[in-house]
Each structure stands twice: as structure tokens, then as C-alpha cells.
Amino acid sequence: STVSPFLHSGPRTKKDSIAIVHLSRDNLVPTILNGTVGAVDGYAEGNVINTRFGSFPHSTLINQPWGSQVRASIVDTGSRGRKRKAREETDEPSNDTEEPTTSAKKPTAAASGFVHVLPPTPELWTMGLPHRTQVVYTPDYSYILHRIRARPGMRIIEAGAGSGSFTHASVRAVYNGYPTESGSQKGKVFSFEFNEARFHQMAKEIDAHGLKELVQMTHRDVYNDGFLVNGESPAAESVFLDLPAPWKALPHLSRSRPATLSAEQPWVSPLRPDRPVHLCTFSPCIEQVTRTVDSMRRLGWMDIEMVEVAHRRINVVRERIGSNLPGDRSSNQNPADVSEALDRLREVEGRFKEFHGRGQKATQTADADADGDLDMGDASEAKDSKTNGSTEQSSPKKDTDSSLPPFMLGNLVHRTEPEIKTHTSYLVFAVLPQEWTEEQEAEVYQKWPCGQ
Ligand code: SAM
């Protein structure tokens, strides 16, 4: 069986295997490296990744230790070269922000940026995957997998598969080896998707990522047709439902036959009989939560709890205004009166304006440089500070007197990044207790007789 690079990436990038090409913090390009190994001077046959930082023939990315920095080919691709040439001829300023593309064209002109090649992980896949739907992000799925007790060797049901973000995280959580001839039970994800195009795309990706034996993809409307695979029970201990109406799927996740099924429809429980089952549903609206919880109660689920993961990235910076510099009037002490407070406010406003002006200029210059094929590290920094909306927080370096101890340079403050969405969805967790048979009761009683 093909060993998935998501589970065992090995020491180096490999031909025909996936790598995550890291352009900047927010720009990751998952790529199957299929160029010709060992091509000379970047004149590779095979594919080329074209970015604003230069061209990267796949051949230059193959057989590199993971994490390597790879410089752009000394040549550029045809399309990008032509664009730049046309610009130069017309003296047109560049505002080229095109997305990275992969082409099979020969590189033709020089460029000077760099990228890093990173091993595929569920986290990086989530950041770079082709979105076909809303996806579950790392802060949510880390918590969900923990709460539904995902661990090596377990079998998980997930619906719907969507873009496969959760699928990749869950398969790593339950992986404990590939299935063996002897049929020993290995961790597995049973993934259901109703939309045909998404199902086929997901199946293709799972195959390309070497995960086919560990993820069982099924094209299914789970509301009507439940969770059996070829009539057999997945025997799942954990369930994750990212569906518009989880309450419609819940009757199938029962230990007894759902009343909605016709007599002819075969049924066994898709749940592992001898363990409690842990379930999570993921719904953006509180109305969905209410209906889900209502249905859970009726169907015997217990320990029902709703959680919202409010994930925030916090920037910690040194506040330049109101520093502790000797002789600085706007130091930490409280103002003596209203007029002093007003004076301070004006001073602060003035400094802010000056500061913003400088920040903007710096960003514009960096942008211009980036188009002129600035070293990619610098360009991405400029881009990142723009995307973060945090230009005002990067202190102008020339004001910093490095001979002063940090505490005299101003107060440390922290700000959350305002544009980061905090509400993704409400997570509803519940447990379906193990069902005890008479024999099990008798067995337990024999082992630990009580009341004697
Ligand atoms: N959890 C996924 C991820 O992390 O990429 C995203 C799931 S997406 C929000 C919801 C998916 O559920 C859609 O792809 C949709 O087609 C699928 N879906 C909706 N109703 C369904 C049903 N009755 N049976 C199976 N899948 C369904």
C-alpha cells in the first residue's frame, strides 16, 4: 500500500508526491511534484509554479530536505515574462497580484524570490486546500477530535465530507498503521458526501494523498440512507456531523432501528455496540443547535453540551505612545488635570498620524519592490503586515534607542486582530451510552458482585 506523505513524509520531498509550497504566511500552495528530477539550470520539463516572486520548476523542488528554502529559477515563465516585457515597453506601473499558477511552460526570464517546501500536514492542507465549501479550521477540529476521543485505532464517521479539511485531521488522529492481511482492526474514517461533484473530487484527493485505505468515501444522502457501508456497520465510536440539518441524520445513529425506515430497508447500527459513542455536530446558527439538542434528547444522547471556540490571534507590541523615556511628558503617570489630559491626547493623535503616514509609505515602497522582484521574504512581510491590518503596530525602527532597556521604550500592549472572524460554528457534543445486554450484566455481576 502507498504510504501517505501526510502520515510519513520522510526526510525529503519526493517526485509524484504532495508538498506544500509556502509563499508567505497566508499563501500556501499544495502541489504534487511531477517535474523531471535533475533537470539543468531550471530548464525543467514538466510543471512550473509561477508566482509573483518568480518561477519554480517542480524539478527544483524535488528531493529537497523538508523545510528547504528554494530560490526562484534564474529564468521566468513565458506568461509572466511576456507580461513584464509588455509592461516595460509601455512603462506601465506594475500592480501584478496574480495568484500562483502551475503551467507546463518553459521558464524564460530571470526572477529572484524564494519559497519554502513544507511537508503536508492536516494543518497546512486546511490553510491551502481548494475550497469547495466552508471548512472546519484547525482551532475547531483540534478541540473536536479531543472531545470525541479520537485516538489511534478508532473508527470515525464524518458527514458531509465537503472540502476534506476535517477528513485529513481525523485520519491522522486515528491512524495506527495500514490494514493488514490478517484483518486486524486499524483506525479508519468513514466519510459521507451527498454532492456528487464534491464526492468525486474528494475521492480523487484522498487517493492522490495515499489515504484511500484509511478513508472510506461514500456518496450518500445520510438523512435518508444512513451510515452503513455496503450494508455493513462501520462500528464507529466517534461521529462528526457538519451538515445543514444534523437532527435529520441522528435517527440513523442509534442503537435501535429508526422508526422512519421502511420494513424492507436493511438496518444494523453503524455504532460500535460495546463502547459509549462520542458525537459532535457543527452548526453556524443557534436555531440549528436547538433542533439538534431536541433530537438528541429524544434519542437517548446524554451529557449534551454546546461549546463555541472563540479563537483569536493576539499581537503583542510595544506601545510607542506614552513611553517611559526620561523627560517624556506623556509618561505613565496620570495627568494632573483636564487640560493636561487634552494636551496629551493631541500629542498622541499627532504621533499616530505621523506614524500611520510612515507605515503607509513603507508598505507602498515594499509593494513596489515586490513587483520589481524584491526578495520574497521582504515582500511577504510587507504583505503580511497589510493583511494583518497591523501596520500601525510595527514600531518605526529608527526611533528606537537600543541602549535603553526595553521597559523605558514604552508599554507592552496586546491587540487582537480585528478582522479575524471569531464565530465559526457552535459545537454540540453528546454521548450515547453503551447498551448493556443481559449477558453483559451477568458477566459484570460475576466479576464485581455488588451488595454481597
Ligand atoms: N467538514 C467539511 C470540511 O471540513 O471540509 C465541510 C463540510 S460542508 C460545510 C457540508 C457538506 O455536507 C457539503 O459538502 C454538503 O454537500 C454535505 N451534505 C449536505 N447534506 C448532506 C446529506 N444529507 N448527506 C451527506 N452530505 C450532505
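Participant: Go over the sheet that holds strand E9 (residues 188-193) with me, naming the residues and quoting the values.
Facilitator: Read across the sheet, seven strands follow the order E10-E9-E8-E11-E12-E16-E13 without closing on themselves; strand pairing throughout is mixed. The strands lining the two open edges of the sheet, one partner per strand, are strand E10 (215-219) and strand E13 (302-308). Neighbour to neighbour, the strand axes of the sheet diverge by 15 degrees on average, direction disregarded. Contacting E9 and E10, helix H5 (residues 196-208) runs over the sheet at an angle of about 160 degrees to E10. The sheet strands contacting helix H8 (residues 286-298) are strand E12 (277-283), E13 and strand E16 (426-432), and the helix crosses E16 at an angle near 5 degrees.

Participant: I'd like a rundown of the nonpolar core, residues and numbers included.
Facilitator: One finds Ile144, Leu145, Ile148 and Phe166 to be the most contacted residues of the largest nonpolar core, which totals 31 residues. A per-element tally of this core places helix H4 (residues 165-174) first, with four residues. In contact with Phe166, other than residues within four places in its own chain, are Val136, Tyr141, Ile144, Leu145, Ile148, Glu158 and Phe240. Listed in part, the 25 residues of the second largest apolar core include Val222, Ala236, Leu271 and Met296.

Participant: Lay out the site of the ligand in plain terms, naming residues and giving numbers.
Facilitator: Looking at the ligand, there are 22 residues lining it, with Glu193, Arg198, Asp221, Val222 and Asp242 nearest. For the ligand, an oxygen atom lies 2.5 Å from a polar atom in the side chain of Glu193. Relative to its free-state accessible area of 600 Å², the ligand is covered by the protein chains to the extent of 91%. Elements supplying a minimum of two residues to the shell around the ligand: H4 and helix H6 (222-225). Split into classes, the residues belonging to the shell around the ligand amount to nine nonpolar, eight polar and five charged.

Participant: Account for H8, with residues named and values stated.
Facilitator: For H8, built from 13 residues, the straight-helix expectation of 18 Å at 1.5 Å per residue is met to within 8% by its first-to-last C-alpha distance of 19 Å. Within the span of H8, buried status applies to Gln288, Val289, Thr292, Val293, Ser295 and Met296. Angularly, the buried residues of H8 cover 165 degrees about the axis, an arc narrow enough to put them on a single face. Within H8, the exposed residues directed more than 90 degrees away from the buried face are Glu287, Thr290, Arg291, Arg297 and Arg298. Packing partners of the buried residues in H8 comprise helix H7 (246-249), E12, E13 and E16. Of the residues flanking the end of H8, it is Gly300, one or two places downstream, whose phi is positive at about 90 degrees.

Reading guide: rules and limits
Residues numbered from 1 in each chain as written. Predicted model: local features only at pLDDT ≥ 70, side-chain atom pairs only at ≥ 80, totals over all residues. Heavy atoms only, no water. Pairing = 2+ DSSP bridges. Helix = DSSP H or I, 4+ residues; strand = E, 2+ residues; numbered from the N terminus. Axes fitted to C-alpha atoms, helices over the stretch in contact; angles between N-to-C directions. Contact = heavy atoms within 4.5 Å. Core = buried A, V, L, I, M, F, W, Y, C linked by side-chain atoms within 4.5 Å. Buried < 20%, exposed > 50% of the residue type's maximum accessible area, 1.4 Å probe, protein only. Near = heavy atom within 4 Å. Polar contact = N/O pair within 3.5 Å; in protein donor to acceptor, adjacent residues only side chain to side chain. Areas by Shrake-Rupley, 256 points an atom, 1.4 Å probe, with all protein chains shown as cover. Nonpolar A, V, L, I, M, F, W, Y, C, P; charged D, E, K, R; others polar. Expected span 1.5 Å × (residues − 1). Arc of directions from axis to C-beta.

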